[in-house]
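Remarks on the overall topology
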Amino acid sequence: GDSVTQMEGPVTLSEEAFLTINCTYTATGYPSLFWYVQYPGEGLQLLLKATKADDKGSNKGFEATYRKETTSFHLEKGSVQVSDSAVYFCALSASGGGADGLTFGKGTHLIIQP
Amino acid sequence: NAGVTQTPKFRILKIGQSMTLQCTQDMNHNYMYWYRQDPGMGLKLIYYSVGAGITDKGEVPNGYNVSRSTTEDFPLRLELAAPSQTSVYFCASSPGRDGGDTQYFGPGTRLTVL
């Protein structure tokens, strides 16, 4: 079945550091790929997405590129802020109608220190 | 525009008790989902629905039931609660056009079974 693997946390960085959170996937067909963010005590919010190979999703300074050849969707940000501290989830939606939900990675807890 | 709302926010149950987790969305979305999130894990799909009157099992449906009598509401029923059902439960909805659709999440219900 489909699966998502992302780097384990916590990841601790200093403010203004460069961020990379690795995400690789296994899926048949052509999935859509997502990064969701969860702030403490809240539900998940979409951060960015890409629906086909070589697409780049971007939002709030974060970027990720859909790489079919390496089955990856790594999340990057050039300069992180304390407010970026949260749990980040990589997820995929199988090709087709998307009715059967998202497959999530385990999440990466990001801690940004001032 | 409230989006996806869930009640209650917190609940403690005794083993063997039953309860219903409520979920309502006001975005006229066709698709709705229930996930559970266990500590250090990603979200797992419990049940989903592609429209009123249509529901189907996800990855972890045992011990749960759902119904979808209206587009807006998608309650999750726990019968005979067990400690293994201690988790945070998230409801989500999406327009239901294709797999690239964003899912919108509610704030979650934190359930403890003692």
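In short, a report on the structure. (Residues numbered from 1 in each chain as written. Chains lettered and ligands numbered in written order. Predicted model: local features only at pLDDT ≥ 70, side-chain atom pairs only at ≥ 80, totals over all residues. Heavy atoms only, no water.)

Structural notes on the sheet that holds strand β8 (residues 76–78) of chain B
All names here are of chain B.
- Judged by pairing direction, the sheet is antiparallel, and its 4 strands sit side by side in the order β1-β3-β8-β7 without closing on themselves. Among the strands making up the open sheet, the edge pair consists of β1 (4–7) and β7 (64–66). Going across the sheet, the axis of each strand differs from the next one's by a mean of 20 degrees, ignoring polarity.
- In this sheet, strand β3 (residues 19–25) lies alongside β1 in antiparallel orientation, the contact comprising 4 bridges. When the bridges of β3 are listed, Thr7 appears paired with Gln22. (Pairing = 2+ DSSP bridges. Helix = DSSP H or I, 4+ residues; strand = E, 2+ residues; numbered from the N terminus. Axes fitted to C-alpha atoms, helices over the stretch in contact; angles between N-to-C directions.)

Describing the state of the cysteines
- If you walk through the whole model with that rule in mind, you get 2 disulfides over all chains.
- Residue pairing for Cys23(A): its cysteine sulfur links by disulfide to Cys90(A), the two sulfurs lying 1.9 Å apart. Of note, the bridge from Cys23(A) to Cys90(A) carries an S-S torsion of about -70 degrees and is left-handed in sense. You can see Cys23(A) sitting in strand β4 (residues 23–26) and its partner Cys90(A) sitting in strand β10 (residues 86–93), a full 67 residues away along the chain.
- For Cys23(A), a relative accessible area of 1% puts it in the buried group.
- The class for Cys90(A) is buried, based on a relative accessible area of 1%.
- Paired by a disulfide, Cys23(B) and Cys91(B) hold their sulfur atoms 1.8 Å apart. Classification of the bridge connecting Cys23(B) and Cys91(B) rests on its S-S torsion, roughly -70 degrees, and on that basis the disulfide is left-handed. Placement of Cys23(B) in strand β3 and of Cys91(B) in strand β9 (residues 87–94) is noted, with a sequence separation of 68 residues between them. (Disulfide = S-S within 2.5 Å. Buried < 20%, exposed > 50% of the residue type's maximum accessible area, 1.4 Å probe, protein only.)

Digging into the side chain of Ser72(A)
All names here are of chain A.
- Along the chain, the position of Ser72 falls in the loop between β8 (62–65) and β9 (75–77).
- Within the structure, Ser72 has its side chain in polar contact with the side chain of Thr70 (distance 2.8 Å).
- When neighbours within four sequence positions are excluded, Ser72 is seen to be in contact with Cys23, Thr24, Tyr25, Leu33, Thr65, Tyr66 and Arg67. (Polar contact = N/O pair within 3.5 Å; in protein donor to acceptor, adjacent residues only side chain to side chain. Contact = heavy atoms within 4.5 Å.)

Focus on the nonpolar core
- Among the nonpolar cores identified, the biggest contains 25 residues, and Trp35(A), Leu47(A), Leu48(A), Phe73(A), Leu75(A) and Tyr88(A) are the most heavily contacted of them.
- Of all the elements in the fold, those that place two or more residues in this core are β2 (11–14), β3 (19–21), β4, β5 (32–38), β6 (44–50), β8, β10 and β12 (108–113) of chain A.
- With 4 residues, the single largest contributor to this core is β10(A).
- Setting aside residues up to four positions removed in sequence, Leu75(A) forms contacts with Leu19(A), Thr20(A), Ile21(A), Trp35(A), Leu47(A), Leu48(A), Phe62(A), Glu63(A), Ala64(A) and Tyr88(A).
- Membership of the second largest hydrophobic core comes to 19 residues, among which are Val4(B), Val66(B), Phe74(B) and Leu78(B). (Core = buried A, V, L, I, M, F, W, Y, C linked by side-chain atoms within 4.5 Å.)

Overview of the interface of chain A and chain B
- On the chain B side, the residues contacting the 23 residues of chain A number 21 residues.
- When the buried area of chain A at its contact with chain B is split by residue, Leu44(A), Ala99(A) and Lys106(A) rank highest and sum to 27% of it.
- The interface formed by chain A and chain B includes 0 salt bridges.
- Mapped onto the side of chain A that touches chain B, the elements with two or more residues apiece are β5, β6 and β10 of chain A.
- Considering each element in turn, the side of chain A that touches chain B owes the most residues, 4 residues, to β5(A). (Buried area = accessible area lost by both parts, 1.4 Å probe. Salt bridge = Lys/Arg side-chain N within 4 Å of Asp/Glu carboxyl O.)

Notes on the pattern of salt bridges
Residue and element names in this part refer to chain A.
- Within the structure shown, the criterion is met by 6 salt bridges over all chains.
- Lys52 is the partner of Asp55 in a salt bridge, and the nearest nitrogen-oxygen pair spans 3.5 Å.
- Residue classification places Asp55 among the partly exposed residues on the basis of a relative accessible area of 22%.

Read these as geometric descriptors, not functional statements.
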